Amino acid sequence: MNELPDFLRTATWHPLLVHLPLSLLLIGTIGYLFGFLGKRKFWMDFGIVLLFAGTIGAWAAVYTGEMADGAVARQLCDPTILKIHDNSAHTVSWLFSIASALVIVDFTGLGGKMQRAARLAIVLLMLTGSGFLVRTGHLGATLVYQQAAGVYIPSEDCEEFY
Amino acid sequence: MKNILRGIFTVIMLVILGSCQERTDVVDSGTYQGTIKEVEADKAEIYVDTDDGKTLELYFTTKTRLTMNGDSAQFSALEEGQRVQVEVERVGNRLDPISVEIVEGDE
């Protein structure tokens, strides 16, 4: 008889954690873009808070993803998708990290054209990062829904649930 | 302003290109010779650059035989730069290492 595994195991920390930074970074990008285009400080600050929190979360997601990698890769029929997902996640984390660093530079009191250029660069980095973020999420979803990555498949008679 | 934007564009491209460097290849079942590019001990995983320019990502399984000079060896014997001969079985797009023979040490 199969034994029902613990819900909290190496492979499940990643899906538990990953959705928070995903939403923070996407909403943060929209907020910052809205603030930048409309010159609204509130929305820029809103975007910045979410950017910082989301970037920390993105690196945490990369870390838990590395843990899950070792646990699930041997069961996948196409681990090359996992590799592309992994590479894409690193790209996301670096792009948003560079954007965060530029925000800190902006805090030091850039003025005039330099400030405008730095903020435009932050927007470009966040938009590019968001594109990669969507791609990374899509690849992660295909790993789960096409290859059952980290998913426990119950026995046919569901014996372990009695 | 233009120079700054050009710089940012360059940074974005470098980050994207940098992440694309770590691609791996899928090959048919068979025996390949190459050099160990990377060892990830915590995952019992190695990357092998084959002599024909492919990069194989190999996760050791309980069935993988690791040998050196004809004797069985521990995973900790594997090091970057070592020459190895690997026999792999392709399962879908996954490469299961059947055997890994360390041909020569990292000298």
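Every value quoted in this text rests on a predicted model; they were computed, and no experiment measured them.

## What to know about the nonpolar core
By size, the foremost hydrophobic cluster in this structure holds 28 residues, and its most contacted members are A:L51, A:L95, A:F96, A:A99 and A:I122. Beyond its immediate stretch of four places on either side in the chain, A:I122 contacts A:Y32, A:A99, A:L102 and A:V103. Of all hydrophobic cores here, the second largest spans 12 residues; its members include B:Y59, B:V86, B:V88 and B:V100.

## Let's talk about the interface of chain B and chain A
Tallying the contact residues gives 22 residues for chain B and 24 residues for chain A. Looking at the side of chain B that touches chain A, the elements that each hand over two or more residues are α1 (2-20) and β3 (55-59) of chain B. Ranked by the residues each element gives to the side of chain B that touches chain A, the list is headed by α1(B), at nine residues. The class makeup of the residues in the side of chain B that touches chain A is 12 nonpolar, five polar and five charged.

## What to know about the pairing of β3(B)
Residue and element names in this part refer to chain B. Extensive coverage of β3 is indicated by the burial of four of its five residues. Pairing analysis gives five bridges linking strand β2 (residues 45-50) to β3, with the strands arranged antiparallel. Residue D49 lies in a different strand from β3, and its bridge partner there is T55. If you look at the hairpin formed by β2 and β3, you'll find four residues sitting between the two strands, and G53 has a positive phi there, around 85°.

Calculation rules
Residues numbered from 1 in each chain as written. Chains lettered and ligands numbered in written order. Predicted model: local features only at pLDDT ≥ 70, side-chain atom pairs only at ≥ 80, totals over all residues. Core = buried A, V, L, I, M, F, W, Y, C linked by C-beta atoms within 7 Å. Buried ≥ 20, exposed ≤ 12 C-beta atoms within 10 Å, placed from the backbone. Contact = placed C-beta atoms within 7 Å. Helix = DSSP H or I, 4+ residues; strand = E, 2+ residues; numbered from the N terminus. Nonpolar A, V, L, I, M, F, W, Y, C, P; charged D, E, K, R; others polar. Pairing = 2+ DSSP bridges.

Everything listed here is a matter of coordinates, which is why it stays silent on function.
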